[in-house]
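What follows is each chain in one-letter form.
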Amino acid sequence: MVMQWYPGHMNKAKNQVQDRLKMVDIVLEIVDARLPFSSRNPVLEQIIDQKKHIIILNKSDLADPKRTKDWKVNFEQEGTKSVELDAKHNKGLGKLKDLIRGELSDKIAKYEANGVKNYRIKAMCIGIPNVGKSTILNRIVGKNVAVTGNRPGVTKNQNWLKTDLGIDLLDTPGILWPKIDDPKVGMKLALSGAIKDKIYSPDDVAIYALNFMETYYIDELMDAYEIDRTDLYNSTTPELLMNLTKKFGYKDDYDKASRKIINDVRKLRFGRITFDVPGEFYEE
Ligand SMILES: Nc1nc2c(ncn2[C@@H]2O[C@H](COP(=O)(O)OP(=O)(O)OP(=O)(O)O)[C@@H](O)[C@H]2O)c(=O)[nH]1
Ligand SMILES: [Mg+2]
């Protein structure tokens, strides 16, 4: 399943990011902590390459804490500072603010040495849809000024938000890249909620999720759906989906069962799962 789209507004949004880049002092790249690799937009990465930037691993409340630590080390080794955040429950905000101020300390010192008063630092928030960009900015501002929602494509335009930290924050619409070549990346994006539900086929995504859990979170999978180990070993993943569909009482409605499984993943029925495994992307 190769997912392909390029709605006009995504193209426009990308150009807008490029335009604004000259004006800002720092870029805050927001990724989903459940998929810190797959939720990075390679097109945006290219654009921001030359700019000071940090990575925010948001939705860390949904991700596997051990893997989040591994990813932070991984980014650090690549030369990019990162911080984990749970914007929903407002956890990690202090560290984020310290990191932003720390990264901009040269700039701030320069303003102060030159006697510039009332200076404004400008930060731009970028990332794929639904990773929590607007929620994070609301947290930094301290009130709900940006519109948020649990679906991709909520923010339609760039908006400047003022904070009393002397920082102006630019909220931007989530941007996906034109063509997702790696089917696994597509599955993970669908699972996380970055892609509109009508674009992907739920059984492909559910089978991907079941297969991933069979490999990395087998106990959690068996517990949640009361699956016997022997049954699990004796069936292929598509067979497992068929068996579960019956077990849920959905007869042969695999779509309905698949949507339930996807929902269960999102609602932590199997605990906190991270779908990107550090190292997996560098093997040849
Ligand atoms: N569990 C959890 N949910 C979060 C977190 N941050 C944001 N959310 C939820 O994720 C959904 C999307 O948040 P938004 O802030 O609208 O995301 P966005 O990146 O601005 O999305 P677009 O504007 O569509 O690109 C909302 O339902 C938020 O409540 C978090 O740290 N943890
Ligand atoms: Mg938004």
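Conventions and cut-offs
Along every chain, residues carry numbers that run from 1 in the direction the sequence is written. Ligands are numbered from 1 and chains lettered from A, in the order in which they are written. Where totals are concerned, whole chains, interfaces and linings use all residues; where local detail is concerned, this predicted model gives features only for residues with pLDDT of at least 70, and gives and counts side-chain atom pairs only at 80 or more. Note: side-chain values were computed over all heavy atoms of the structure, leaving out hydrogens and water. Two strands qualify as a pair provided that DSSP identifies no fewer than 2 bridges between them. In this text, helices come from DSSP runs of H or I with a minimum length of four residues, and strands from runs of E with a minimum of two, each type numbered from the N-terminal end. Lines fitted to the C-alpha atoms define the axes, with helices restricted to the stretch that makes contact. Angles between their N-to-C directions range from 0 to 180 degrees. What makes two residues a contact is simply this: any of their non-hydrogen atoms within 4.5 Å. Note on donors: an N, O or S atom is included if it sits within 2.8 Å of the metal, or within 3.2 Å for Na, K and Ca, and water is never included, so sites can look incomplete. Any residue under 20% of the maximum accessible area for its type is buried, any over 50% is exposed, and the rest in between are partly exposed; the area is computed with a 1.4 Å probe on protein chains only. Pairing of aromatic side chains here covers Phe, Tyr and the six-membered ring of Trp, requires ring centres within 6.5 Å, and sorts the geometry by plane angle: under 30 degrees stacked, over 60 edge-to-face, intermediate tilted. Domain limits in this description derive from either an automatic procedure or a database domain assignment. Small angles under 35 degrees read as roughly parallel and large ones over 145 as roughly antiparallel, with 65 to 115 read as roughly perpendicular and the rest as oblique. Amino acid classes used here: Ala, Val, Leu, Ile, Met, Phe, Trp, Tyr, Cys and Pro are nonpolar; Asp, Glu, Lys and Arg are charged; the rest, including Gly, are polar. Nonpolar cores were defined as sets of buried Ala, Val, Leu, Ile, Met, Phe, Trp, Tyr and Cys residues, with membership established by side-chain atoms within 4.5 Å. We call a residue near a molecule or strand whenever a single non-hydrogen atom of that residue lies within 4 Å of it. Any N or O atom pair separated by 3.5 Å or less is treated as a polar contact, with the protein-specific requirement of one donor-capable and one acceptor-capable atom, and with residues adjacent in sequence counted only for side-chain atom pairs. For accessible areas, the Shrake-Rupley method is used with a probe of radius 1.4 Å. Any residue's cover is judged against the shown protein chains and nothing else. Two kinds of site are reported from a 1 Å grid over the protein atoms alone, namely cavities, where a 1.4 Å probe fits but cannot get out, and pockets, open sets with protein on both sides within 12 Å along at least five of seven lines, and residues are called lining when an atom falls within 4 Å of a point. The way we define it, a molecule is inside a pocket or cavity when more than half of its atoms are within 2 Å of that pocket's grid points.

### A word on the sheet that holds strand 6 (residues 159-162)
Hydrogen bonding along the main chain pairs the strands of a sheet, whether they run parallel or antiparallel. In spatial order, the strands read 4-3-2-5-7-6; together these 6 strands make up an open sheet with mixed pairing. Of all strands in the sheet, those with a lone pairing partner are strand 4 (82-84) and strand 6, marking the two edges. Averaged over all adjacent pairs, the angle separating strand axes in this sheet is 25°, with direction ignored. With 4 bridges connecting them, strand 6 and strand 7 (residues 167-171) associate as antiparallel partners. The residue bridging Lys162 from the neighbouring strand is Asp168, located in strand 7. Contacts from helix 4 (residues 93-103) reach strand 2 (26-32), strand 3 (53-58), strand 4 and strand 7 within the one sheet, and its direction differs from that of strand 3 by about 170°.

### Focus: the coordination of the magnesium ion (ligand 2)
Here the magnesium ion (ligand 2) is held by Ser134 (OG) and Thr155 (OG1), and the distances to it run 1.9 to 2.2 Å. In this pair, Ser134 is assigned in helix 6 (residues 133-141) and Thr155 in the loop between helix 6 and strand 6, connecting sequence segments 21 residues apart. Taken individually, Ser134 and Thr155 each receive the classification buried, so the pair is uniform in this respect.

### Quick word on the side chain of Ser192
Topologically, Ser192 is positioned in helix 7 (residues 183-192). Overall, the relative accessible area of 8% leaves Ser192 in the buried class. In this structure Ser192 touches Asp32, Arg34, Leu35, Asn130 and Arg266, once residues within four positions along its chain are discounted.

### Notes on the packing of aromatic side chains
Applying the stated rule across the entire model yields 10 aromatic pairs. Each ring, one from Tyr111 and one from Tyr119, has its centre 4.8 Å from the other, and the planes form 10°; the classification is stacked. Ring plane angle 35° and centroid distance 4.7 Å describe the contact between Phe212 and Tyr216, whose orientation is recorded as tilted. Separated by 4 residues within a single helix, Phe212 and Tyr216 lie in helix 8 (residues 202-216), roughly one turn from each other.

### Some remarks on the domain arrangement of the protein chain
It is common to give the size of an interface as the accessible area lost on bringing the parts into contact. Parsing the protein chain into structural domains produces domain 1 (3-171) and domain 2 (201-266). Computed over C-alpha atoms only, the centres of domain 1 and domain 2 are separated by 35 Å.

### Focus on the packing of helix 4 against helix 6
Close contact between helix 4 and helix 6 brings their axes to 11 Å; oriented N to C, the two are set at 85°. Judged by the angle between their axes, helix 4 and helix 6 are roughly perpendicular. Within the contact between the two elements, helix 4 uses Leu93, Leu96, Lys97 and Ile100 and helix 6 uses Ile136, Arg139 and Ile140. When grouped by side-chain class, the residues that make up the contact of helix 4 with helix 6 number 5 nonpolar, no polar and 2 charged.

### Here's the deal with the nonpolar core
Core analysis: the biggest nonpolar cluster contains 66 residues, and Leu28, Ile56, Leu96, Leu189, Leu221 and Tyr225 have the highest contact counts within it. The element that contributes the greatest number of residues to this core is helix 8, accounting for 7 residues. Those residues in contact with Ile56 that sit more than four places away from it in its chain are Leu28, Glu29, Ile30, Val31, Val83, Leu85, Leu96 and Ile136. Core analysis: the next-biggest nonpolar cluster, separate from the first, contains 12 residues, Val17, Leu44, Ile126 and Leu170 among them.

### Observations regarding the site of ligand 1
Residues in close proximity to ligand 1 total 23 residues, the closest being Lys133, Thr135, Gly153, Val154 and Thr155. With respect to ligand 1, the backbone of Asn130 contributes an N or O atom lying 3.1 Å from an oxygen atom. Measuring from an oxygen atom of ligand 1, one finds a backbone N or O atom of Val131 at 3.2 Å. Coverage of ligand 1 by the protein amounts to 92% of the 660 Å² it exposes when considered alone. When atom positions are compared with the pocket grids, ligand 1 is found to occupy the largest pocket. At 3 residues, helix 6 tops the list of elements feeding residues into the shell around ligand 1. Class assignment for the residues of the shell around ligand 1 results in 6 nonpolar, 11 polar and 6 charged.

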